[in-house]
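Coordinates in review
Residues per chain are reported as follows:
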Amino acid sequence: MDAREIIDGYRKYLYGVSTYYKEPLPFVKGEGKWLTDASGRKYLDFFGGIVTVSLGHCHPRVVAAIEKQVRTLQHVSTLFPTIPIVELAETLEKIFPGERPAKMFFTNSGTEAIETAITTARLATQRTEIIALRHGYHGRSMLSMSLTGHGPWRLGGVQDPAIRHAMAPYCYRCPLGMKPESCGTACATDVEDVIRTTTSGRPAAYIAEPIMGVGGFIVPPKEYPKIVAEIVKRYEALYIADEVQTGWGRTGGKWFGIEQFGVKPDILVSAKSLGNGHPVGLTMATQKVADAWKGATIATFGGNPVTMAAAKAVVDTIAEERLMDNATEVGGHFRARLDKLAEKHRVIGEVRGMGLMQGIELVKDRQTKEPAPEQTTAVLETAKDKGLIIGKGGLLGNVLRISPALNVGKDDADKAADLLDQAFTEAGKV
């Protein structure tokens, strides 16, 4: 099929899915940091399939693990133990950032892993109420959309009546109009106010992304998660870290984003980068919490042997090649380049992020902080024309999201920064 046939077929046979750009861009090949479209043109991928392609496209070690396993045992379901699921679980248990021993449940996606985490918390505490955050994103099922505090992603009139939303630690757009240096982290204490005024006072859990992904790569103040964790513990609730986007070394130097803030979660949820694009979901919990799950359940495709083999290859590669440290080093270099762009282009209101998870919020005016969604779309489009793939997000549609593979180098970061510079310059002329 040529590009036109792919696009026409996509529109004809699929529904409910959005695409980037004025004219959708069909890809036919991926290799390392490069994507190739239907016309044969190559693009530097600095979005990684929404923070998912952690090792680059078609990584040889992952491909080899998949090929070997698919010829050995492809599927049996969780009704039957297999070697790949045990080997991966044993590896992951050693890096769980909460109290060990830990246990885990494998699923097909982040959404399903979130569902498992909430059910686990409710069974473990024998409570139902959940505290989530505004601007947070947790998936596309009814429950996960109810947890999501992001209007455009709450479709179909979703509402779990036991979910409450606290203020987001969005310092650039503080809902209280305060400054980080003098606010006393008021957004953290709002979590306790929400518990005391909108719940029975006996919540089952608090759930949050260490860095809000779809919300626009929002990074909380350093002390925020620890203050909230203390509040959560005081009310005998569980702390759930949603690491779907921040996990597997993405934030630099640590396996998980929550470790950057010194908090030990009771439950951790992940997906995306764990599979390097292969569908996988993971819910890890302390043994005490996990063992509270009583009753029968299965996951037909969760823990699939081929998926487990791929994920094991991903985790082993990240560890052996010290890609967490690479995310720190290259991420710091890239961040310095982005900060320079902010000095040059006044449409950039804030650059924020950790490691190889960097966001750029665009505004029409730095004083009023009026969002600039049109300019954001223009930069996204122009960057694509220059051969660079990045993403966008934020409730206001004005944040560029950048998340390349964890094994990119400084030269790749420089090339991406140069292309972004050109994109900002040309988009600003429109």
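Since the model is a prediction, treat every value here as computed from it, not as a measurement. (Residues numbered from 1 in each chain as written. Predicted model: local features only at pLDDT ≥ 70, side-chain atom pairs only at ≥ 80, totals over all residues. Heavy atoms only, no water.)

Looking at the state of the cysteines
Here is the rule: We call a pair of cysteine sulfur atoms a disulfide when they lie within 2.5 Å. Summary of the burial criterion: residues with accessible area below 20% of their type's maximum are buried, those above 50% are exposed, and those between are partly exposed, where the area comes from a 1.4 Å probe applied to protein chains only.
Applying the stated criterion to the full structure yields 0 disulfides. In this model C171 remains outside any disulfide bridge; the closest cysteine sulfur is found in C187, 6.0 Å from its own. A residue is classified by how much of its surface remains accessible, and C171, at 27% relative accessible area, is partly exposed. C187 takes part in no disulfide bond, and the closest cysteine sulfur, belonging to C183, lies 6.0 Å away.

Notes on the pattern of salt bridges
For the record, the criterion: Note on definitions: salt bridges are taken to be side-chain nitrogens of Lys or Arg within 4 Å of carboxyl oxygens of Asp or Glu. Counting from the N terminus, the helices are the DSSP runs of H or I reaching at least four residues and the strands are the DSSP runs of E reaching at least two.
For the structure shown, the criterion picks out 25 salt bridges. Salt-bridge contacts for R4 lead to D8; the nearest nitrogen and oxygen are separated by 3.2 Å. Note that R4 and D8 are positioned in helix α1 (residues 3-13) at a spacing of 4 residues, about one turn of the helix. Among the residues examined, R4 registers a relative accessible area of 37% and is labelled partly exposed.

Focus on the sheet that holds strand β6 (residues 163-166)
The test is simple: Strands pair, by our definition, only if DSSP identifies at least two bridges between them. Working convention: axes come from line fits to C-alpha atoms, limited for helices to the stretch in contact. Angles between N-to-C directions cover 0 to 180 degrees.
The strand order across the open sheet formed by 7 strands is β4-β10-β9-β8-β7-β5-β6, and the pairing between neighbours is mixed. Bordering the open sheet on either side are β4 (102-107) and β6, each of which pairs with just one other strand. Ignoring strand direction, the axes of neighbouring strands in this sheet form an average angle of 20 degrees. Looking at chain direction, strand β9 (residues 267-270) and strand β10 (residues 281-286) are connected through 4 bridges and run antiparallel. Note that in β10 the partner of I267 across the bridge is A285.

Quick look at the packing of aromatic side chains
Condition: Only Phe, Tyr and Trp rings are paired, with Trp represented by its six-membered ring, and only when their centres lie within 6.5 Å; those with planes under 30 degrees apart are stacked, over 60 edge-to-face, the remainder tilted. Counting as a charge over the ring demands two things of the Lys NZ or Arg CZ atom: a distance within 6 Å of the ring centre and an angle within 35 degrees of the ring normal.
Following the criterion strictly, the structure yields 9 aromatic pairs and no others. Consider the rings of F46 and F334, whose centres lie 5.6 Å apart with planes at 65 degrees: the pair is edge-to-face. Remark: F334 occurs in helix α11 (residues 323-344) and F46 occurs in the loop between β3 (42-45) and α2 (48-51); sequence separation between them is 288 residues. Taken as a pair, F46 and F334 share a single burial class, namely buried. With centroids separated by 5.6 Å and ring planes inclined at 75 degrees, the aromatic side chains of Y137 and W153 adopt a geometry described as edge-to-face. Of this pair, Y137 sits in the loop between β5 (130-133) and α6 (142-147) while W153 sits in the loop between α6 and β6; the two residues are 16 residues apart in sequence, bridging distant segments of the chain. The class of Y137 is buried, set by a relative accessible area of 18%. One aromatic cluster is present, built from ring pairs that chain together Y20, Y21 and F47. Over the ring of Y172 we find K369, and its NZ or CZ is 4.3 Å from the ring centre.

Quick word on unusual backbone geometry
The residue after R100, namely P101, is reached through a cis peptide bond having omega 10 degrees. The residue P101 is located in the loop between α4 (83-93) and β4 in this model. In the Ramachandran plot, V51 falls in the positive-phi region, its phi being about 55 degrees despite a non-glycine side chain. Tracing the sequence through the fold places V51 in helix α2. Located in the positive-phi region is W248, a residue other than glycine, with phi close to 70 degrees.

A closer look at the side chain of R352
The cut-off we apply is this: Pairs of N or O atoms within 3.5 Å make up the polar contacts considered here, provided that, within protein, one atom can donate a hydrogen while the other can accept it, and that residues adjacent in sequence are counted only when both atoms are side-chain atoms. It only takes one pair of heavy atoms within 4.5 Å for two residues to be counted as in contact.
Following the sequence through the fold, R352 ends up in strand β11 (residues 348-354). You can call R352 buried: its relative accessible area is 6%. In terms of polar contacts, R352 uses its side chain to reach the side chain of E361, at 2.8 Å. Apart from the residues lying within four places of it in its own chain, the contact partners of R352 are Y170, Y172, G216, F217, I218, V219, R335, M357, Q358, G359, E361 and V399.

Considerations on the side chain of D37
When you line up the elements, D37 lands in strand β2 (residues 34-37). In this structure the side chain of D37 is engaged in a polar contact, spanning 2.9 Å, whose partner is the backbone nitrogen of R41. Of note is the side chain of D37, whose polar atom sits 2.7 Å from the side chain of Y43. With residues near it in sequence (within four places) discarded, D37 still touches L25, P26, F27, V28 and Y43.

As for the sheet that holds strand β1 (residues 27-31)
Read from one edge to the other, the open sheet built from 4 strands follows the order β1-β2-β3-β13, with strand pairing classed as mixed. The sheet terminates laterally at β1 and β13 (388-389), the two strands that pair on one side only. Pairing geometry for β1 and β2, over 4 bridges, is antiparallel. Counted as the bridge partner of E31 is W34 from β2.

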